[in-house]
Amino acid sequence: MQAFTTLTSRFIPLAVENIDTDQIIPARFLKATTRDGFGKNLFRDWRYDNNGNPRPEFILNNPEYSGKIFVAGKNFGCGSSREHAAWSILDYGFKVVVSSFFADIFKNNALNNGVLPVQVSEEFLQKIFQQDKNSTLTVDLPQQKIRIDATGEEESFEINNYKKTCMLNGYDDIDYLISLKDEIAAFENAHAH
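Residues numbered from 1 in each chain as written. Predicted model: local features only at pLDDT ≥ 70, side-chain atom pairs only at ≥ 80, totals over all residues. Heavy atoms only, no water.

> Tell me about the overall build of the chain, and name the residues and values.
The secondary structure content of the chain amounts to eight helices and seven strands. The proportion of buried residues among the 193 residues of the chain is 40%. Nonlocal contacts in the chain, meaning residues at least 24 apart in sequence, comprise 64% of its contacts between residues at least 6 apart. Carbon and sulfur atoms make up 47% of the accessible area of the chain, which amounts to about 10200 Å² in all. One finds the centroid of the 20 positive side-chain charges in the chain at a distance of 5 Å from the centroid of its 26 negative side-chain charges. (Helix = DSSP H or I, 4+ residues; strand = E, 2+ residues; numbered from the N terminus. Buried < 20%, exposed > 50% of the residue type's maximum accessible area, 1.4 Å probe, protein only. Contact = heavy atoms within 4.5 Å. Areas by Shrake-Rupley, 256 points an atom, 1.4 Å probe, with all protein chains shown as cover. Lys, Arg positive; Asp, Glu negative; His and termini not counted. Charge placed at Lys NZ, Arg CZ, Asp CG, Glu CD.)

> Talk me through unusual backbone geometry; I want residue IDs and the actual numbers.
In this structure, Phe43 is a non-glycine residue whose phi angle is positive, near 55°. Of note in this structure, Asn75 is not a glycine but carries a positive phi near 70°. Mapped onto the fold, Asn75 is located in the loop between strand E2 (69–72) and helix H3 (84–92).

> Tell me about the environment of Gly52, residues and numbers included.
Mapped onto the fold, Gly52 is located in the loop between helix H2 (44–47) and E2. When the C-alpha positions of Gly52 and Gly93 are compared, they lie 21 Å apart, and in sequence the two are 41 residues distant.

> Account for the packing of aromatic side chains, with residues named and values stated.
This structure, assessed with the given rule, holds 12 aromatic pairs. Ring geometry for Phe43 versus Phe58: centroids 5.9 Å apart, planes at 55°, classification tilted. On the criterion of sequence distance, the pair formed by Phe43 in the loop between helix H1 (21–24) and H2 and Phe58 in the loop between H2 and E2 is long-range, its members being 15 residues apart. You'll find Phe43 and Phe58 in the same group, each marked buried. Aromatic ring contacts, followed pair by pair, group Phe43, Trp46, Phe58, Phe70, Phe76, Tyr92, Phe94, Phe102 and Phe106 into a single cluster. Across the ring face of Tyr48, the terminal group of Arg44 is positioned such that the distance to the ring centre comes to 4.6 Å. (Phe/Tyr/Trp six-rings, centres within 6.5 Å; stacked < 30°, edge-to-face > 60°. Lys NZ or Arg CZ within 6 Å of the ring centre and 35° of its normal.)

> How would you explain helix H5 (residues 122–129) if you had to name every residue and give the values?
By the burial criterion, the buried members of H5 are Phe124, Leu125, Ile128 and Phe129. With its buried residues spanning 145° around the axis, H5 presents them on a single face. (Arc of directions from axis to C-beta.)

> Please set out the pattern of salt bridges residue by residue, giving values where relevant.
Taken as a whole and assessed by the stated rule, the structure comprises six salt bridges. The salt bridge partner of Glu153 is Lys127, with a shortest N-O separation of 2.7 Å. Of the two residues, Glu153 sits in the loop between strand E6 (145–148) and strand E7 (154–156) while Lys127 sits in helix H5, which places them 26 residues apart along the sequence. Since its relative accessible area comes to 28%, Glu153 is described here as partly exposed. When its relative accessible area of 26% is taken as the criterion, Lys127 is described as partly exposed. Asp149 is paired through a salt bridge with Arg147; the nearest N and O atoms lie 2.9 Å apart. The exposure class of Asp149 is partly exposed, given its relative accessible area of 25%. For Arg147, a relative accessible area of 31% translates into the label partly exposed. Counted as one network, the salt bridges with shared partners bring together Glu123, Lys127 and Glu153. (Salt bridge = Lys/Arg side-chain N within 4 Å of Asp/Glu carboxyl O.)

> Go over the sheet that holds E6, please, and point to the residues and values.
Taken in spatial order, the seven strands line up as E4-E3-E2-E1-E5-E6-E7 in an open sheet, and their pairing is mixed. At either end of the open sheet lies a strand with only one pairing partner, and these are strand E4 (116–119) and E7. Strand-to-strand twist of the sheet, defined as the mean angle between neighbouring strand axes without regard to direction, takes the value 25°. (Pairing = 2+ DSSP bridges. Axes fitted to C-alpha atoms, helices over the stretch in contact; angles between N-to-C directions.)

> I'd like a rundown of the pairing of strand E5 (residues 136–140), residues and numbers included.
With five bridges connecting them, strand E1 (residues 6–14) and E5 associate as antiparallel partners. Following the sheet pairing, Arg10 is matched in E5 by Thr136. Two elements, E5 and E6, share four bridges in a ladder whose sense is antiparallel. Within E6, the position partnered with Val139 by the bridge is Ile146. Following E5, the chain reverses through four residues before pairing antiparallel with E6; Gln144 in that reversal takes a positive phi of roughly 55°.

So yeah, pure geometry; function would need other evidence.
Next comes the structure, spelled out in structure tokens:
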């Protein structure tokens, strides 16, 4: 995983609540066993018609919107527990997803795969949705804050300390354990019989 500290980026807003994992990545695309290539099918059924033509009204098909931050309505990532949802978001190019509520399994899958889920209040989320297409957000993981750069308004967000350490260092669970090898060895030596 890549280390994450601070990101300032434009964002892509999708003010839809209850976006489930089957909408994020439809089940028919779950046959692959590697994490690569899922981004092209992110929101597949919303992005493309039955003939595979892009739907111009869908936000990801609008070239005026771009960024590494995805902003969604409340209850993002509900539904089945497929890890592929986080893979598709990351493979598309998003580093952060902002919502006023995340399904727990999606939240953990995102963190385990290098996507930072930033949960904000519903009021702050609506302020983000009111920004124009050129506005930027700044996400500061060390300080656990998100800021609307145009207004300077910011809000704190929560993250598990272990997951924060992993995100800051680009660690997965194994990398984290390897980072503690000297401490583990010292403990073993101190407690040897």
